[in-house]
Amino acid sequence: MNPQMNYTPQQVMGHDSYSVPCRVGNWAEDEYMGALLTADHMARGEKGMLTTQKLQSTLGSALAPTGLTVIHPDGNVRFGDEIMLSNAPGGVLATNPQVREKLSQHAFATSRTMVERPCRRTCFRVVPHSAAAPEDGLLRFGMAFGLVSVGDNGEELHLQSMRYTMANMNFSRSVRGAERKNGVSMAVDVSWQTAWEVMLLAPAELAQLRSEGMPVPANTYVALRHKSSQANLCSDTTALRNAYGEEFEVSGFTDSEVASPPPPPPPPP
């Protein structure tokens, strides 16, 4: 019998007289129900339909090892390359195709995982956005591009962000003061919200102008800026729990001043 069942008053009153040969009333019903549930559980287990088996299969698929593109002789990133996006404090960008975001679009969650190994959920393919790739195939600073991951069903998922509004509620749990950060997700459909560009980390305007149109080197820290909201891809110390353990929030936020500070006043004469 199921030791966790809620006994009826008749069963509680008759427990002293209950014995193995007794199979009447509620006792018989519980015995039959327990046997049916056990048989159903075993049948579902043989077919791999149990919730734990499905979760393990999904996680195993997402964590399946994949290969990254070998660095080209010139050391630059090209369209079609399979890359990982590292964060300066540690960890890499990861897709969570089991978590559906509460948006009007069909989109899934993202996070920063500290498991820095190439697998299905941490690899992204560089693709052109709204235009054909250049003849040389090089990704350049300031050029619009997209990042594509593979979902559980083999569909393409596109890295997306949107400026937070009260209508779309696309915000991250991470905040700075009273300022909300834009949410980042993996969308099924391609749109202007899935367009990104590579920017030099140097905030000086002259350095940004000089880097415009230059090839993007591999294994180099750069800033990924969202073309629509003009916010950078960001990840901080805001932790979250998911099927893969403790990971960190990913958002769209430029964690620096927009304008350079004014020059200091001249010294007094």
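To start, this report covers the structure provided alongside it.

Cut-off values and rules
Residues numbered from 1 in each chain as written. Predicted model: local features only at pLDDT ≥ 70, side-chain atom pairs only at ≥ 80, totals over all residues. Heavy atoms only, no water. Helix = DSSP H or I, 4+ residues; strand = E, 2+ residues; numbered from the N terminus. Buried < 20%, exposed > 50% of the residue type's maximum accessible area, 1.4 Å probe, protein only. Contact = heavy atoms within 4.5 Å. Areas by Shrake-Rupley, 256 points an atom, 1.4 Å probe, with all protein chains shown as cover. Pairing = 2+ DSSP bridges.

1. So, the overall build of the protein
Item 1. Looking only at helices and strands, one finds 4 helices and 12 strands in the protein.
Item 2. Taken across its 269 residues, the protein has 35% of its residues classed as buried.
Item 3. Within the protein, contacts between residues at least 6 apart in sequence are counted, and of these 64% link residues at least 24 apart.
Item 4. Of the roughly 16200 Å² that the protein leaves accessible, carbon and sulfur atoms contribute 58%.

2. Some remarks on the environment of F248
Item 1. Turning to its location among the elements, F248 is positioned in strand β12 (residues 245-252).
Item 2. Relative accessible area serves as the criterion here: at 17%, F248 is assigned to the buried category.
Item 3. For F248 and S235, which are 13 residues apart along the polypeptide, the C-alpha to C-alpha distance reads 7.0 Å.
Item 4. Not counting residues up to four positions away in its chain, the partners in contact with F248 are S111, R112, M114, S235, D236, T237, T238, A239 and L240.

3. Describing the pairing of strand β11 (residues 233-242)
Item 1. Note that β11 and β12 share 7 bridges and pair antiparallel. Along β12, the bridge assignment pairs S235 with V250.
Item 2. Connecting β11 to the antiparallel partner β12 that follows it, the hairpin turn spans 2 residues.

4. What about the pairing of strand β4 (residues 124-128)?
Item 1. As judged from the 2 bridges shared by strand β1 (residues 82-83) and β4, these two strands associate in the antiparallel manner. Looking at the pairing, I83 lines up with F124 of β4.
Item 2. Relative to strand β5 (residues 145-150), β4 runs antiparallel, the two being bridged by 4 bridges. Each bridged residue has a counterpart across the sheet, and for V127 the counterpart in β5 is G146.

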